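Below, each chain spelled out in residue letters.
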Amino acid sequence: MRGISTIFLMAAVAVCAPFSAQAQEKTLTVYTYESFTSDWGPGPKIKTEFEKTCACTVNFVGVADGVALLTRLKLEGTGSEADIALGLDTSLISEAKATGLFEANGVDASIVKVPGNYSDDTFLPYDYGHFAVIYDTQAIKNPPRSLKDLVEGDASQKIAIQDPRTSTPGLGLLLWVKAIYGDKAPEAWAKLKDRVLTVTPGWSEAYGLFTKGEVPMVLSYTTSPAYHMVEEKTDRYRAAGFSDGHYIQIEVAGMLKNARDKDLAKDFLTFLVSPAAQDIIPTTNWMMPAAATSAPLPDAFDKLVKPGKTLLIGSDEVAKNRQAWIDEWLAAMSRK
């Protein structure tokens, strides 16, 4: 009887073990943008490192860009599968809060240091960068030195930009023009449109056209040349320093109210600003870390354009006016 009982017990353990292991396995679903989850982006490494600290699986769900991310969350509402939204920026946080989908994350953000000392109890900064016009030195010898130069410069020197309706860089350029030109922004767009070769849905499409040599300038970040210096050992691609300032993007992550495991979500956000994750950001997302890294940044970062003036429009003002400013942009860009 003892032998038979033992056999039955062993069989029961063998059957139940997978279910027990499965019950312990937790899944964290993170909505983010596609370049974050790409093979060369920070997503895969952050997933690997975080999973070492938890009995969990990180499931990244990629959309085209940060604006598209907010749009998807609005469409899905309280039925969204997302536990974390990663890739919104400070221009979108008031609009994101207004959805009622997010809640304070309870994470200690005192270690976060970004220009302007931005802080928020709901949205946690994990990196930042200043927008810039990146140009090919083999195609352009005299790049624009200000936004005015870009707007009024040689129309034969084309630029690829992103759509502000779907892309956070596209929205960043919209706000950059508004910050400099104010009520004269529609006139500025009417002039700039002659230099615009194409408007892409997101950053990846525009930057791909640029690196293929199909356009000599692209809207990106002051940090983008670091990629080419580190990975391709070339300084062919450079950022144009603008005397009238550069608009900043501070990227943030937030926890959804309906997160299935809020402790796990908080653990992920805490990890996101730890040295283990911040070490990954600069040379995969090619942005500046929002908190301390365990080692100095590569030498290439010392060679980047350092904006003399940082431009930023408050999130509440953006939320109030974003659609009207986009309508201005659409009207100017479609004008013959």
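Note that the structure is predicted; figures quoted are calculated from it, not measured. (Residues numbered from 1 in each chain as written. Predicted model: local features only at pLDDT ≥ 70, side-chain atom pairs only at ≥ 80, totals over all residues. Heavy atoms only, no water.)

Asker: Please explain unusual backbone geometry as it appears in this structure.
Answerer: Glycine aside, negative phi is the norm for most residues, and most peptide bonds take the trans geometry. Positive phi outside glycine occurs at Asn117, with the angle close to 55°. For Trp286, which is not a glycine, the phi torsion comes out positive at approximately 55°. Mapped onto the fold, Trp286 is located in the loop between helix H12 (275–278) and strand S11 (288–289). By relative accessible area, Trp286 is classed as buried at 9%. (Helix = DSSP H or I, 4+ residues; strand = E, 2+ residues; numbered from the N terminus. Buried < 20%, exposed > 50% of the residue type's maximum accessible area, 1.4 Å probe, protein only.)

Asker: Please clarify how the packing of aromatic side chains should be interpreted in this entry.
Answerer: Remark: the centre distance and the inter-plane angle together describe each pair of aromatic rings, the angle taken between the planes. Counted by the stated rule, this structure contains 14 aromatic pairs. Here Tyr207 and Phe210 contribute two aromatic rings whose centre-to-centre distance is 5.5 Å and whose plane-to-plane angle is 55°, an arrangement assigned as tilted. One end of the pair is Tyr207 and the other is Phe210, both in helix H9 (residues 203–211) and three residues apart, which spans about a single turn. Through a chain of ring-to-ring contacts, three or more aromatic side chains come together here, namely Tyr33, Phe36, Phe60 and Tyr126. In this structure, Arg72 packs its charged tip against the face of Tyr31, placed 4.7 Å from the ring centre. (Phe/Tyr/Trp six-rings, centres within 6.5 Å; stacked < 30°, edge-to-face > 60°. Lys NZ or Arg CZ within 6 Å of the ring centre and 35° of its normal.)

Asker: Please clarify how the side chain of Gln249 should be interpreted in this entry.
Answerer: Take Gln249: it is sitting in strand S10 (residues 246–256). By relative accessible area, Gln249 is classed as buried at 0%. In terms of polar contacts, Gln249 uses its side chain to reach the side chain of Thr168, at 3.1 Å. When neighbours within four sequence positions are excluded, Gln249 is seen to be in contact with Asp89, Asp127, Tyr128, Gly129, Phe131, Thr168, Pro169, Tyr221 and Met287. (Polar contact = N/O pair within 3.5 Å; in protein donor to acceptor, adjacent residues only side chain to side chain. Contact = heavy atoms within 4.5 Å.)

Asker: Teacher, can you tell me more about the state of the cysteines here?
Answerer: What we call a disulfide is simply a covalent bond connecting the sulfur atoms of a pair of cysteines. For the structure shown, the criterion picks out one disulfide. Linked covalently through their sulfurs, Cys54 and Cys56 form a disulfide whose S-S length is 1.9 Å. Because the sign of the S-S torsion sets the handedness, a value of about -45° for the bond joining Cys54 and Cys56 places this disulfide among the left-handed ones. Residue Cys54 shares its accessibility class with Cys56, and that shared class is buried. (Disulfide = S-S within 2.5 Å.)

Asker: Any chance you could explain helix H4 (residues 66–76) here in plain terms?
Answerer: Owing to its 3.6 residues per turn, the α-helix aligns residues three or four sequence positions apart on the same side. Those residues of H4 that fall on the buried side of the exposure criterion are Gly66, Val67, Leu69, Leu70 and Leu73. All buried residues of H4 project into a common sector of 160° when viewed along the axis, lining one side. Gly77 lies just past H4 and shows a positive phi near 60°. (Arc of directions from axis to C-beta.)

Asker: For this particular structure, what's the right way to read the nonpolar core?
Answerer: One broad trend across soluble globular proteins is that nonpolar side chains are buried collectively. Of all hydrophobic cores here, the largest spans 88 residues; its most connected members are Phe50, Ile84, Leu86, Leu88, Phe102, Trp176 and Trp189. Filtering out sequence-adjacent residues up to four positions away, Leu88 remains in contact with Gly66, Leu69, Leu70, Ala96, Phe102, Phe123, Ile250, Glu251 and Val252. Residues Ala132, Ile134, Tyr207 and Phe210 belong to the second largest nonpolar core, which totals 10 residues. (Core = buried A, V, L, I, M, F, W, Y, C linked by side-chain atoms within 4.5 Å.)

Asker: Looking at this structure, I do not really get the confidence of the model for the chain. What am I missing?
Answerer: Note that predicted coordinates carrying low pLDDT should not be read in detail. Counting all residues, the mean pLDDT for the chain is 93, and 93% of those residues have values of 70 or more. Overall, residues 1–23 carries pLDDT values under 50, and its contacts beyond four positions in sequence, including any with other chains, amount to zero contacts. (pLDDT = per-residue confidence, 0-100.)

Asker: What is the right way to read the side chain of Ser80 from this model?
Answerer: Following the sequence through the fold, Ser80 ends up in the loop between H4 and strand S3 (84–89). Since its relative accessible area comes to 11%, Ser80 is described here as buried. Only 2.8 Å separates the side chain of Ser80 from the side chain of Glu76, close enough to count as a polar contact. Not counting residues up to four positions away in its chain, the partners in contact with Ser80 are Tyr31 and Leu73.

Asker: Explain helix H13 (residues 315–334) to me, please; I cannot follow it from the model alone.
Answerer: Here H13 contains 20 residues, and its C-alpha end-to-end distance of 27 Å stays within 8% of the 28 Å for a straight helix at 1.5 Å per residue. The largest bend in H13 is about 55°, located at Asn321. For H13, every residue scored as buried is listed here: Ser315, Val318, Arg322, Trp325, Ile326, Trp329 and Ala332. Elements in contact with the buried residues of H13: H4, helix H5 (93–98), strand S6 (159–162), helix H7 (168–181), helix H8 (185–192) and strand S7 (196–200). (Expected span 1.5 Å × (residues − 1). Bend = angle between axes of the 7 residues up to and from the residue.)

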